[in-house]
Amino acid sequence: MSSDQDGCHLCKEYLRDPVSIPCGHSFCSVCLKTYWDHADHTGSYLCPQCRVTYNKRPSPRRTGGSRHSSAPRASESFPPPPPSPDYNFAGPQDVGCDICVGKKHKAVKSCLMCLASYCEKHLKPHYEGPTFKRHKLVDEIGHLDRQICPQHQKGLELFCRTDQMCICVLCTVKEHKGHDMVSAEQERAEEQQRLGATQAEIQEKIHDRLKQMEELKQAVDSLKNSAQRAMQECEKLFGDMLRSIERMQQEMAKLISSNKKAALNNAEGHMERLSHEIADLKRRDSEITQLSRTEDHIHFIQTYHMLIAQTEAEELPTVTVNPYFSFGPVTKAVSEMKQHLNEFSNDELVKVAKSVNKMPFCQLDEAKKRRTLKADEVAMYKSVPTQEPQHRDDFLKYACPLTLDPNTAYRQLYLSRGNKKATLKRDPQSYGDSSSRFDCLPQVLCKEPLSGGAYYWEVEWSGEGAAVGVTYKGIKRTGYGDSCRIGYNRKSWSLFCSDSSYSARHSKDQQEIEAPYSSRIGVFLDHAAGTLSFYSVGDTMSLIHRFKASFSEAVYAGFWVWYESAITISQL
């Protein structure tokens, strides 16, 4: 069977009435229905192949007939469904019964005397007939042709230590004459001892790993407790600081209020005095007016001298207002205090972040490490690079404009908004012929090559499912296979988004991620440093997943879009 999506993961047969689900995998319609009917009582639906979880049961979409369909469809609109699969039949990965005619059942036992494998039905004579009492039955092993000498067509019974191979009795006459030979049973007994020693070594390693696992679990519990205590202490300390700032605010308010009150009282006292003086001067002015009009000369002279003497004897103080008096210095002092506090807090946060990021929680001992982990897996234990931006404003410094390339778009992908949005439609679009186009998968790439520097872009997604990622230009464009899917091969990396979870994918590796739902995904690519990071964009940037890779050439942003779903490249 082809490695492309020709076979159903559930029944191991060629696809019959194939349907596809949001993660991109295809199954027989009846197989998928039967599989998910059993999951109805849990309310959680998993892809049988990649284990992506959905909170609600997705609606499978028909993908067209399999290339191996043998009979044409009937003319009616709704053909009858295929029969329910019988999982007792042998699939491509199973050992079939050698006696069954036509479609073979799965073998359950193999006979070393008959050199044949049998299903439960055809195995009965070995249990019931006296002829087969001396036959040796073992669990089905397949490849029974390996039990026969290819030269003499006899059963293999001996082991030649000289040539390190199993031989038959006739081999001892000529080909292996004079060699060091023992029975297969004796060789098995000696190798069994060595196997026991190997098993003991493996069990010792298991014990050692279990011990390390327990230590790591205890360290994780301690880490959680330490983090919780630090969180509580930080909340208390920041609460104390906030209360101190509130007290400072109250003191400043009291200072302003008391100075304002003293200044107002002083001004009101002067205004009251000025009011009395103005009234007294107005009274004198009235008296002078009346005196100037009197016809009694004696009264005029006597009163005049008295008014003049009183006016010359009295000196009125001058009230001067300070034109520069204001509370501006208070505002300036508080503003400077805020600036100093911000600078101090930012400096301290950077120091704390560098100190914590440089402190590894757990790591592999390089001196004892065997080559059992891939380079990308080992890199997961390293601390997060401190040079990567932390805040959205910092990411936006690396914003790059991207445009979807119509020459790569699947024919049912509708591009709009100046080739910034892609929506999967039921009707094909009028695209021209292009060897760069994905002909079977709903995918599209951007035009711009990304290489050598740091780049940031944001994507809005909606619907049942979509994937955001990057790929080399050489990704395969034809067919349904994993070599064409963004994230399923060595040439691409992707983050699949559904309504309930995320899935990070590269080559054969897949990691399920539980993170809060976000309709906007930020992507930061540091091509030179070899990091590809996906963030949930909101009031704060929350890391969803980070790939560590060694990019050997330019990459292109790419997208996978499901039915009734869409992606939009945001304008930054």
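Residues numbered from 1 in each chain as written. Predicted model: local features only at pLDDT ≥ 70, side-chain atom pairs only at ≥ 80, totals over all residues. Heavy atoms only, no water.

### Section: the nonpolar core
Line of reasoning, step 1. Judged by nonpolar contacts, the single largest core of 65 residues is most densely connected at Leu-404, Trp-457, Leu-495, Ile-521, Leu-532, Phe-559 and Ile-567.
Line of reasoning, step 2. Ignoring anything within four residues of it in the chain, the contact list for Ile-567 reads Leu-404, Lys-420, Lys-421, Ala-422, Val-459, Glu-460, Trp-461, Ala-466, Phe-559 and Val-561.
Line of reasoning, step 3. One finds Tyr-456, Tyr-535, Val-537 and Met-541 within the second-largest nonpolar core, a separate group that totals 6 residues. (Core = buried A, V, L, I, M, F, W, Y, C linked by side-chain atoms within 4.5 Å. Buried < 20%, exposed > 50% of the residue type's maximum accessible area, 1.4 Å probe, protein only. Contact = heavy atoms within 4.5 Å.)

### Focus on empty space enclosed by the protein
Line of reasoning, step 1. Summed over the entire model, instances satisfying the criterion amount to 2 cavities of 30 Å³ or more.
Line of reasoning, step 2. Here the largest cavity defines a volume of roughly 70 Å³.
Line of reasoning, step 3. The wall of the largest cavity is formed by Cys-23, Gln-443, Ala-467, Arg-485, Ile-486, Tyr-488, Ser-494, Phe-496, Arg-505 and Trp-560.
Line of reasoning, step 4. For the lining of the largest cavity, the residue count by class is 6 nonpolar, 2 polar and 2 charged. (1 Å grid on protein atoms, 1.4 Å probe; cavity = no way out; pocket = protein on both sides within 12 Å on 5 of 7 lines; lining within 4 Å. Points joined across faces, edges and corners; volume = space filled by probe spheres on them. Nonpolar A, V, L, I, M, F, W, Y, C, P; charged D, E, K, R; others polar.)

### Quick word on the side chain of Thr-568
Line of reasoning, step 1. Considering the arrangement of structural elements, one finds Thr-568 in strand β24 (residues 566–569).
Line of reasoning, step 2. With a relative accessible area of 14%, Thr-568 lands in the buried category.
Line of reasoning, step 3. Other than its neighbours up to four places away in sequence, Thr-568 contacts Arg-417, Lys-420, Lys-421, Glu-458, Val-459 and Glu-460. (Helix = DSSP H or I, 4+ residues; strand = E, 2+ residues; numbered from the N terminus.)

### Section: the pattern of salt bridges
Line of reasoning, step 1. The tally for this structure, following the rule as stated, stands at 20 salt bridges.
Line of reasoning, step 2. The shortest N-O distance in the salt bridge between Asp-482 and Arg-485 comes to 3.6 Å.
Line of reasoning, step 3. Given the relative accessible area of 1%, Arg-485 is considered buried.
Line of reasoning, step 4. Look at the salt bridges and you will find they share partners, linking Arg-161, Glu-187, Glu-190, Glu-191 and Arg-194 into a network. (Salt bridge = Lys/Arg side-chain N within 4 Å of Asp/Glu carboxyl O.)

### Structural notes on the layout of surface pockets
Line of reasoning, step 1. The space that makes up the largest pocket amounts to roughly 1900 Å³.
Line of reasoning, step 2. The wall of the largest pocket is formed by 47 residues, among which Ser-345, Glu-348, Leu-349, Val-350 and Val-352 lie closest to the centre.
Line of reasoning, step 3. At the level of secondary structure, the elements contributing two or more residues to the lining of the largest pocket comprise α3 (184–293), α5 (328–357) and β22 (541–548).
Line of reasoning, step 4. Top contributing element to the lining of the largest pocket by residue count: α5, with 18 residues.
Line of reasoning, step 5. Broken down by class, the residue content of the lining of the largest pocket amounts to 30 nonpolar, 10 polar and 7 charged.

### Some words on the sheet that holds strand β10 (residues 165–167)
Line of reasoning, step 1. Strand order in the open sheet made by the 3 strands is β10-β9-β11, with antiparallel pairing throughout. Sheet topology places β10 and β11 (181–183) at the edges, where each strand pairs with a single neighbour. Direction aside, the axes of adjacent strands within the sheet are offset by 35° on average.
Line of reasoning, step 2. Alignment of strand β9 (residues 158–160) against β11, held across 3 bridges, turns out to be antiparallel. Within β11, the position partnered with Cys-160 by the bridge is Met-181.
Line of reasoning, step 3. Across the sheet, α3 touches β9 and β11, and the angle it forms with β11 is around 90°. (Pairing = 2+ DSSP bridges. Axes fitted to C-alpha atoms, helices over the stretch in contact; angles between N-to-C directions.)

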